Each structure stands twice: as structure tokens, then as C-alpha cells.
Protein chains: 2
Amino acid sequence: MLKKYTIRDIAELAGVSKGTVDRVLHNRGKVSETALKKVNKVLDKIDFKPNPIAKNLKSNKVYRICVLVPDPIKDVYWKPCLNGINDAILELGAFGVNIETVFFNPTSTKSFLEANLLVQKKLPDAVLLVPIFNTEALIVLEDYKNLGIKVSTFNNNIEFGSVKNFIGQDLFQSGRVAAKLLHCIVPKGDIAILHINENYENAVFMQEKEKGFENYFNELNSSDFTILKEKLKLPDFESVLTKFIDEHPNLTGIFVTTSKTYQVADVIQKITNKKIALVGYDLLNENIKHLKKGTIDFLIHQHPRQQAYLGLKFLVEHFLFDKKIPSNLLLPIDIINSENVNVIMND
Amino acid sequence: MLKKYTIRDIAELAGVSKGTVDRVLHNRGKVSETALKKVNKVLDKIDFKPNPIAKNLKSNKVYRICVLVPDPIKDVYWKPCLNGINDAILELGAFGVNIETVFFNPTSTKSFLEANLLVQKKLPDAVLLVPIFNTEALIVLEDYKNLGIKVSTFNNNIEFGSVKNFIGQDLFQSGRVAAKLLHCIVPKGDIAILHINENYENAVFMQEKEKGFENYFNELNSSDFTILKEKLKLPDFESVLTKFIDEHPNLTGIFVTTSKTYQVADVIQKITNKKIALVGYDLLNENIKHLKKGTIDFLIHQHPRQQAYLGLKFLVEHFLFDKKIPSNLLLPIDIINSENVNVIMND
DNA sequence: TTGAAAGCGCTAACAC
DNA sequence: GTGTTAGCGCTTTCAA
């Protein structure tokens, strides 16, 4: 069992003062060669881990973190994120962490920019944000960098040179998972990729999923399947989808690349008795209803709650305990059916 | 934004000393009626959350936790638990927590009892254990209770009157998940539940899984399926299984209730070209190979690593930060196929 | 029954 | 450059 060393121990062993040890440990300069050597000699010998608790006590700082997330009223997909944020607030509040949520309209880049401006004025210690608009996100990331504000992102990754942390899912691979699922339900036939274009989602997400999906069937290289693609938009959603289904009598499976899978299920249920396998995304209540009824076969869970929660947790533990924030954390691609949907932990 | 109150603030507001406030907060007695009233009056008004960090600094106690887990050499299923334990050690060591692992032979109740005796002699602050032997587990739980040692359990739940925490999976429901999966792969035929009896696993686990599995098909109430059951044991495993498959030409699906699913896959692959859908448990390397090859269709992930890691994490956070330990934490029932197997987080 | 004071490990300000 | 010291919020001891 190893002894727990303190800086006092080190100071005594090295024959210097605690202050000097602290200076050496944190490269605060103003240390003579000889003192440096003495301290380092001791540090080499022992396994010193500064007590992360004591470190924090002193500063007595209240860390402020802002979360920037699309308004759940505009798109219910984001609601679980709020729960994750609230969990984090409850859990971390006692540590003197101040977490503030700012919403933006996910259909408006202007709203996104304004929300970020608001946040920047607050000068928080860190920001956790959903960078759904690629161009604008790069701009604000640059701003945060200049302001010296730490940034973590979740939901979707964007390319940014400087340090930035990401929590989300491997969308390409999740497309492959969907493909495999359909493949195991359906022996053959036409299989459709349906994009429900909400005109705000940067096409990148859906493209990644689509690529993964196609990649699976390409590798399979089987003449049993034909892959179709269709884009749907809301005003004439139902008529276009109905027409599409009518025109493809061999349609046996559908992959929907967004959380609006239930909209497709609604239509299928309405217009045909034929079994069409359906795989989509996210545990919205409407989706879950269809899952239990059997209209939707599988949902892929993107862990929105976890993403937000972990994003905050990592930031706080970084501030409080000097923990390293994982730079690119890919959450598992959870396959959900009617039987395990009720046992999902933390959404 | 609320002010962060300290006991000093409260003391000043109430017109008493910090010591008295502390006594009131922790019911340490020796407080006069009047002082109690004064302090409570203040406490009612403000939202006081003691700083969990400072609380811990003083005591400077090294918490000692023992983990009792089956020897991974005897059954490789337990290997991920070690990783979880090591993660916890790495992460929590700096907080002055001492975690010690003790193995027992999962085929020997004697070994289990001896290991516990060893642990009890050490008088740790808490114990995290896998109570695979029901009767013996109840005995040692009673011992720990008398010694005032906190106990958390994982992997399988046992009925014990006094306080005890559990982390694991809903086995009944996981049986239903397996059933649903087979149901979605296979349109009809004979479906077999195979128990691979390793004679140490308390039959309870497998029974729960079996019950859930049957429950699903009973509810389905379809004449398309016939449910068969068979127990296999190692010496004549292959011959018995071969005979079983030969005798059931309509066999279209198999559910294996243990992590030894790959053993069944090996045999199927060897003796027949017919597609038999196979669903089993756990991400052993051999299972993953079959999953990728297609001999196994789905695996259900029981999160062994997470179970051990969370068990330790909860105990430590309880000691350090007074967090409440969830008394019965059911981890999600993860469905794994060839595509999402590589993205599983923390095993 | 109560208040005062020391001290946990670390940081930071301040003398020397 | 370096040692000393005060102090973070809380617990615990000790004297009153």
C-alpha cells in the first residue's frame, strides 16, 4: 500500500519549502537550479498525486458554464438534453458550479449567432454547444477561442483546428447498424432511405448515415436488394410518401435518417397492410408508440441526454479535479426494440 | 444567481458559532433548544448545501474498498470487470481511495466463503461483491452487516433484508429482448432455449432469462413457433447438441442463456449449412468473431465492466461527497450486432 | 451547552 | 529566489 504524499512531505524530503515545491510543480518560475534539482529528485522517486480536493478548496471560484442548445419547443428531439442538463445542475451545483442554458432556434442561423453573442457577453469559463450550423459554428468557435473560453460540443462534430471536445455518435457506423438491422429482418426486396428534410439540419448528418447505410449493402453485394432514396418535406409529405410506396410494390424496408420516423410510420399504417420493415432514430414518444405496436421495428438511440450530461460533467471535473476531457467521445450506437425500450438508462 | 452560503454565514446569521451550526447540521446533540431554533430558522430561509469538497478535506481518511469477484482465469466473462476496477483505481486513487481486488473460484462455494473471510479480516470501509452463491452470500452479507461494513453487489441480485445496493440487469426482460430479436429474424419454426450448465451459476439467472423468453412467445400466442428447451453440459456437449439439432429439422432459432454462446455457434457451423438464427450473451472475443462472421446474429451485452466500475464509483462518491448510492440500478439491455460491436463504450 | 481554535492539502500573497 | 503565512469550508478537539 503506497503512502499518500503531500507537498509538505516533498518539501521536507527535498529540504525546501512548500512554496518552492508548488512553484516547481506548476512551473511558476523563480526557482533556482539547485532547488529545482532537489525537488525533481524527490518527485522522481515517489508517486505524487496532488490532492484534487484540496487544490480546489482554495480557489473558492464559482465556475460558470453556458449550454447552447436548440429550443426543444422547436424540435422535441432536444428535450432529453434538458433533462441531462438539469441532472448535471442538481449533481454539480453543490460544488459551486453555475450552469446556464441558452436556447436558439434550430431553423435560424441568426438565432444561433445571437445566442452565442449573448453567451460571449457573459464571459463564462466554458461553453457547451450544439454546432448544428457549420459555418456559423466555426465563427463562434473562433470567438470563444479569442476570449479564452473553453468550448465543448456535442451532437455533431465539426472540423475546427484549435482544441475542442466532442461527444456524439459515429453517424456513418450508425447507418451501417440500421442497414444490418433491416438486412436481418428482410430477406430481400427494395429498401428505401428516406430523408425527412427539416431544412435546418445541416445535410451532413443525414449524408453520413446514408453513406454508412449504402456502404453496408454495397459490401453485401447481393442482388436480393435494391437501394432507393427519397427526400420528403413537410407540406406534401404524406402524398409524396404515399406515391413513393405505391410506385414500389417490392418495397420491404425503410430507413429513416431522422427522429421523425413516426411520421413515416403513421403514413405506412394508414395506407397499407403490407409489412414494411422500418428502422429509424431516437426515442421520441411517438416513435416509442410505434415501436411497441410493431410499426417501427428498431430505433437507434443517439443518447441526447447523455451527450449533454457528459459534456457538462467533463467540463466540471476538468475544472474541479484537473481531469482530462476526452477529445472525441463516441457514445455507443444503441439498438432499441419494443422490449428494451423501457430499460434505457438516462434516456 | 443564488449566493453560496457557508456554515460561517449561517453562524453569523443565527448569532451562534460555527461549531454549533455543525452540531445542528449533523445532529451531534448537545445543542440547546434556543440555539437549535435560531439555527433552524436560518436554515429554513436559505438553501444551504455544504461544500462536499471541504467536508472531505479534513478527515484525511483513506477509504478502503474490497472487490470480490470471480477469478477471470476460471471464467473469462469476468475479465471486463477487472478493467472496470482498474479504471476506478486510476480515476479515484488520487482522492485517497484504496481499492483491493480479491478473487474467488466461481465453481466453489468454499472459495467464496474463504475470500470473504479474508476480506472481513481486513475491515475495509466497504465491499463490492458478486453474490453468485445465494445461500453463502446471505451469510456473508449478514457478517458484513454486523461488522458495520457497507456492501454493494453487482451482476445478480439477491434478496436480503438489510440495506444493500445492486447494479445489474433485468434478466427476465433480457430474455424478452432475445425473444423479440429471434422473432424478428425468423418468421416461424422451432425455437430452442439452450442452457449451458456450468454447474456454478446459480440456476436463478438462467431461469429468469428463460421465463422472460417464454413469456414473450406466450404473449405472442402464435402457432408459428414451438419453443423447445435443452440443457447442455461440457463433457458431451457437442454430441448432445448435434443430436438435438438432427432431431429437430424445423429448428430455425436458438437462444443461449449464457456467455458461452460461441460454443453453440462452433457446433452449428461445423455440422450444418442451414441458417439457424442465434442469439446469446456477452461480448467474449469468441462470440464477437461469430457475430462478425454471421454465425451469431445478436448478443446481449450485460455491461460487466460498467457494473464493476459503477459499483466502485458510487461507493467512493458516497464516502467523499455524501452522494446517495442507487439501491437498484438496472443497466440498459444492449443489443449488439456485427455493426455496433466496435463502438461499445467501456466494454 | 457552547465558542474558539487548530488543522486537513493546496495556493497565493508577501516579506525577506 | 525563497520561506512564511493566511485562508478556502468544514470537522473536531478542547477549554470554558
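All figures in this text were calculated on a predicted structure; none of them were measured in a lab.

Splitting chain A by domain gives domain 1 (7-50), domain 2 (59-168 + 304-327) and domain 3 (171-301). Placing the centre of domain 1 of chain A and that of domain 2 of chain A at their C-alpha centroids yields a distance of 37 Å.

This brings us to the relation of the copies chain B and chain A. Rotating chain B by 180° and translating it 0.0 Å along the rotation axis places it on chain A, where the RMSD comes to 0.1 Å. Both copies are brought into coincidence by an operation consistent with a two-fold rotation axis. A share of 100% of the interface residues of chain B reappears at the interface of chain A, consistent with the copies meeting face to face through the same patch.

UniProt marks residues 3-53 of chain A with the feature "domain: HTH cro/C1-type" (unreviewed entry), using the numbering shown here. Along residues 3-53 of chain A, the helical share is 61% and the strand share 0%, with 17 Å between the first and last C-alpha atoms.

A few words now on the state of the cysteines. Counted under the stated rule, the structure contains zero disulfides over all chains. Left without a disulfide partner, Cys81(A) is nearest to the cysteine sulfur of Cys66(A), which lies 16 Å away.

Attention shifts here to helix α12 (residues 285-293) of chain B. Owing to its 3.6 residues per turn, the α-helix aligns residues three or four sequence positions apart on the same side. Residue and element names in this part refer to chain B. Within α12 the residues assigned to the buried category are Asn-287, Ile-288, His-290 and Leu-291. End-on view of α12: buried residues confined to an arc of 165°, all on one side of the axis. Facing away from the buried side of α12, by more than 90 degrees, are the exposed residues Asn-285, Lys-289 and Lys-293. Buried residues along α12 sit against α11 (261-271), β9 (277-281), β10 (298-301) and β12 (334-336). Immediately beyond the C-terminal end of α12, within one or two residues, lies Gly-294, with a positive phi of roughly 100°.

Now for the protein's contact with DNA strand D. With respect to spatial proximity, 25 residues lie near DNA strand D, and among them Thr20(A), Ser32(A), Ile7(B), Lys18(B) and Asp22(B) are the closest. Near the protein, within 4 Å, the atoms of DNA strand D are sugar or phosphate in 65% of cases. Ser17(A) is positioned with one of its backbone polar atoms (N or O) 3.0 Å from a phosphate oxygen of DNA strand D. Ile7(B) places a polar main-chain atom, nitrogen or oxygen, 2.6 Å from a phosphate oxygen of DNA strand D.

To continue, consider the UniProt feature "domain: HTH lacI-type" (unreviewed entry) in chain A. The residues that UniProt annotates with the feature "domain: HTH lacI-type" (unreviewed entry) are residues 5-59 of chain A. For residues 5-59 of chain A, the end-to-end C-alpha separation is 21 Å, with 67% helix and 0% strand making up the annotated structure.

Moving on, we come to the environment of Phe166(A). All names here are of chain A. Following the sequence through the fold, Phe-166 ends up in strand β5 (residues 165-168). Distance from Phe-166 to Leu-128, taken between C-alpha atoms, is 9.5 Å for residues 38 residues apart in sequence. Aside from chain neighbours lying at most four places away, what touches Phe-166 is Thr-153, Phe-154, Asn-155, Asn-156, Asn-157, Pro-326, Ser-327, Asn-328, Leu-329 and Leu-330.

Moving on, we get to the side chain of Ser259(A). All names here are of chain A. Tracing the chain through its elements places Ser-259 in the loop between β8 (251-256) and α11 (261-271). Overall, Ser-259 belongs to the buried group, its relative accessible area being 5%. Ignoring sequence-local partners within four residues, the contact set of Ser-259 consists of Tyr-77, Tyr-281, Asp-282, Leu-284 and Asn-287.

This next bit is on the interface of chain B and chain A. Taken together, the contact pairs 42 residues of chain B with 42 residues of chain A. Taken together, the two surfaces of chain B and chain A that pack against each other cover about 4000 Å², and 66% of this comes from carbon and sulfur. One can count four salt bridges joining chain B with chain A. There are ten residue pairs in polar contact (both at pLDDT 80 or more) connecting chain B and chain A. Among the elements of the structure, α4 (52-59), α8 (171-185), α13 (304-321), β11 (328-330) and β12 of chain B are those that each provide at least two residues to the side of chain B that touches chain A.

Reading guide: rules and limits
- Residues numbered from 1 in each chain as written.
- Chains lettered and ligands numbered in written order.
- Predicted model: local features only at pLDDT ≥ 70, side-chain atom pairs only at ≥ 80, totals over all residues.
- Heavy atoms only, no water.
- Domains from an automatic or database assignment.
- Least-squares fit on C-alpha atoms with pLDDT ≥ 70 in both.
- Contact = heavy atoms within 4.5 Å.
- UniProt positions renumbered as here; feature names shortened; annotations may be inferred.
- Helix = DSSP H or I, 4+ residues; strand = E, 2+ residues; numbered from the N terminus.
- Disulfide = S-S within 2.5 Å.
- Buried < 20%, exposed > 50% of the residue type's maximum accessible area, 1.4 Å probe, protein only.
- Arc of directions from axis to C-beta.
- Near = heavy atom within 4 Å.
- Polar contact = N/O pair within 3.5 Å; in protein donor to acceptor, adjacent residues only side chain to side chain.
- Buried area = accessible area lost by both parts, 1.4 Å probe.
- Salt bridge = Lys/Arg side-chain N within 4 Å of Asp/Glu carboxyl O.

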